[in-house]
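# Close look at the chain arrangement
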Amino acid sequence: MLKIIVKEGENIERALKRYKRKHRNVKVMQNLKENQYFTKPSVKRRQEIQKAAYIQKLRDTEDI
């Protein structure tokens with residue numbers, strides 16, 4: 001559970017902004033979406049390899 005302590009004299013919008021940042025960093029929504037359905041470990045591994053290859057390809061083209 002996220003707790004945001006509003007400091008003395010702090011603007012509520014500022015506290016809300018801190019809450020949103022913490023919520024995004026904890027990746028609550030991303031975890032919920034990932035756990036909606038089961039993904040086989042082999043499929044996860046294949047996706048990670050494809051993503052790594054794609055990123056490596058982008059980095060290689062930047063160097064050239």
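Going by an unreviewed UniProt entry, the protein carries the name Small ribosomal subunit protein bS21 and comes from Seonamhaeicola sediminis. In its Sequence similarities (unreviewed entry) section, the UniProt record describing the protein reads: "Belongs to the bacterial ribosomal protein bS21 family."

Time to look at the overall build of the protein. Scanning the protein from N- to C-terminus turns up three helices and zero strands. Starting at the N terminus, the α and β elements of the protein follow one another as α-α-α. Taken against the 2.2 N^0.38 rule, which gives 11 Å for 64 residues, the C-alpha radius of gyration of the protein at 19 Å runs more than 25% over that of a compact globule. Seen along its three principal axes, the alpha-carbon backbone of the protein occupies a region of about 50 × 40 × 10 Å. Burial status across the protein gives 5% buried among its 64 residues. Roughly 6,700 Å² of accessible area belongs to the protein as shown, and the carbon and sulfur atoms make up 54% of that amount.

Residue placement: Ile55 occurs in helix α3 (residues 41-63). Residue classification places Ile55 among the partly exposed residues on the basis of a relative accessible area of 33%. The spacing of Ile55 and Lys27 is 28 residues in sequence and 22 Å in space, taken between C-alpha atoms.

Let's shift gears to a nonpolar patch on the surface. A cluster of nonpolar side chains, namely Tyr54, Ile55 and Leu58, defines an oily patch on the protein surface of about 280 Å² accessible area. As for its placement among the helices and strands, Tyr54 is situated in helix α3.

The next thing to look at is the side chain of Glu10. Tracing the backbone through its elements, the reader meets Glu10 in the segment before α1 (12-26). Separated by 3.0 Å, the side chain of Glu10 and the backbone nitrogen of Lys7 make a polar contact. A polar contact of 2.6 Å, which involves the side chain of Glu10, links it to the side chain of Arg18. Setting aside anything within four residues of it in sequence, one finds Glu10 in contact with Ile5, Ala15 and Arg18.

Conventions used here
- Residues numbered from 1 in each chain as written.
- Predicted model: local features only at pLDDT ≥ 70, side-chain atom pairs only at ≥ 80, totals over all residues.
- Heavy atoms only, no water.
- UniProt positions renumbered as here; feature names shortened; annotations may be inferred.
- Helix = DSSP H or I, 4+ residues; strand = E, 2+ residues; numbered from the N terminus.
- Rg over C-alpha atoms; globule rule 2.2 N^0.38 Å.
- Buried < 20%, exposed > 50% of the residue type's maximum accessible area, 1.4 Å probe, protein only.
- Areas by Shrake-Rupley, 256 points an atom, 1.4 Å probe, with all protein chains shown as cover.
- Patch = residues over 30% accessible without salt bridge, like charges linked within 9 Å, V, L, I, M, F, W, Y side chains within 5 Å.
- Salt bridge = Lys/Arg side-chain N within 4 Å of Asp/Glu carboxyl O.
- Polar contact = N/O pair within 3.5 Å; in protein donor to acceptor, adjacent residues only side chain to side chain.
- Contact = heavy atoms within 4.5 Å.

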